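# Inside the fold
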Amino acid sequence: MEELASRVPGGPETNDEVRRFHVLWLAASREHPPASTTPKDAAPTFSSRQSHTAPRPEIIGRIGTLIVYRAISEMGWHFQEQVFDYGVDAHIEIVNSDHEPTGQLIAVIIKTGLPYFRNRRGQGWVLRSPRPDQLKYLLGYALPVVTVLVNPDSNKAYWVHISPSNTTSRSDGWEVTLPENQLLGPDAAEALRNIATNRER
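Figured I'd write up the structure that's included with this text.

Parameters at a glance
- Sequence positions are assigned chain by chain, starting from 1 and proceeding in written order.
- Whole-chain, interface and lining totals are the exception, using all residues; otherwise, since this is a predicted model, local features are given only for residues with pLDDT of at least 70 and side-chain atom pairs are given and counted only at 80 or more.
- With hydrogens and water set aside, each side-chain value is computed from the structure's full complement of heavy atoms.
- Secondary structure counts use DSSP, requiring at least four H or I residues in a row for a helix and at least two E residues in a row for a strand, with both numbered from the N terminus.
- By this rule, a helix spans an expected 1.5 Å times one less than how many residues it contains.
- Throughout, exposure labels follow a simple rule: accessible area from a 1.4 Å probe, protein chains only, divided by the maximum for the residue type, with under 20% read as buried, over 50% as exposed, and the rest as partly exposed.
- A 3.5 Å cut-off defines polar contacts: any pair of N or O atoms within that distance qualifies, except that in protein one atom must be a possible hydrogen donor and the other a possible acceptor, and neighbouring residues in sequence count only when both atoms are side-chain atoms.
- Two strands qualify as a pair provided that DSSP identifies no fewer than 2 bridges between them.
- Salt bridges are defined by distance alone: a side-chain nitrogen of Lys or Arg within 4 Å of a carboxyl oxygen of Asp or Glu.

With 18 residues, helix α3 (residues 57–74) extends 26 Å between its outermost C-alpha atoms, agreeing within 8% with the 26 Å of an ideal straight helix rising 1.5 Å per residue. All of the buried residues along α3 are Ile-59, Ile-60, Ile-63, Gly-64, Thr-65, Leu-66, Ile-67, Val-68, Arg-70, Ala-71 and Ile-72. Positive phi shows up at Gly-76, right after α3, with a value of about 80°.

The structure is reproduced here in structure tokens:
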């Protein structure tokens, strides 16, 4: 990994870092093809902590985090990763038109990787979890929670609010659908601000 990193130019800017990890990912893919007993077309569950097809899961996860960070930064808001979590990866803070932090926070779950895009339903993608206790935890979280699904090839991120109306309980867990038209970025600011100020219970 160190040898690969030394061959790739990096920089302090987010775009440079995203590009750097992309190159690392592609290089690692060529040098270490994935080995997995998982069926080729199987999609990971909501609770999966890594992509089955990624040769370097930590790189894939880092790419997703950087893409979400960039999207939040473009909105002029604050992004803070969480070191210890039970599925929640970061908090974002709403900033008002005077560039002042408001103290209004949203918790973010980040899922990155092309396998997550295999469960297509209508105009979106389904994420499933076999853990009903996780849904109870997220719905009772002190902050409103959104899940962000990141495509590391296109650098696009899609989001959905984890709320009673958006989630479905199943006999084998629960699921949520991320709409294709809910891109994370400046156009999502108003909807996310409403979620932060008027949490649905």
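Next comes the rest of the write-up.
Inspection of the secondary structure puts Ser-129 in strand β5 (residues 124–129). Its relative accessible area of 3% is what places Ser-129 among the buried residues. Polar side-chain contacts of Ser-129 include one of 3.1 Å to the backbone nitrogen of Arg-131.

All right, on to the sheet that holds strand β8 (residues 167–170) then. If you walk across this open sheet you meet the four strands as β4-β5-β9-β8, and the pairing is antiparallel. Both edges of this open sheet fall to β4 (120–121) and β8, since each of them pairs with a single strand only. Here six bridges tie β5 to strand β9 (residues 173–179), and the two strands are oriented antiparallel to one another. Looking at the pairing, Val-126 lines up with Thr-177 of β9.

Here the focus is the pattern of salt bridges. Evaluation of the coordinates by the stated rule reveals six salt bridges. Here Glu-175 makes a salt bridge to Arg-121, at a shortest N to O gap of 2.9 Å. Pair noted here: Glu-175 is in strand β9 and Arg-121 is in strand β4, with a separation of 54 residues, a long-range link. Under the relative-accessibility criterion, Arg-121 is labelled partly exposed at 37%.

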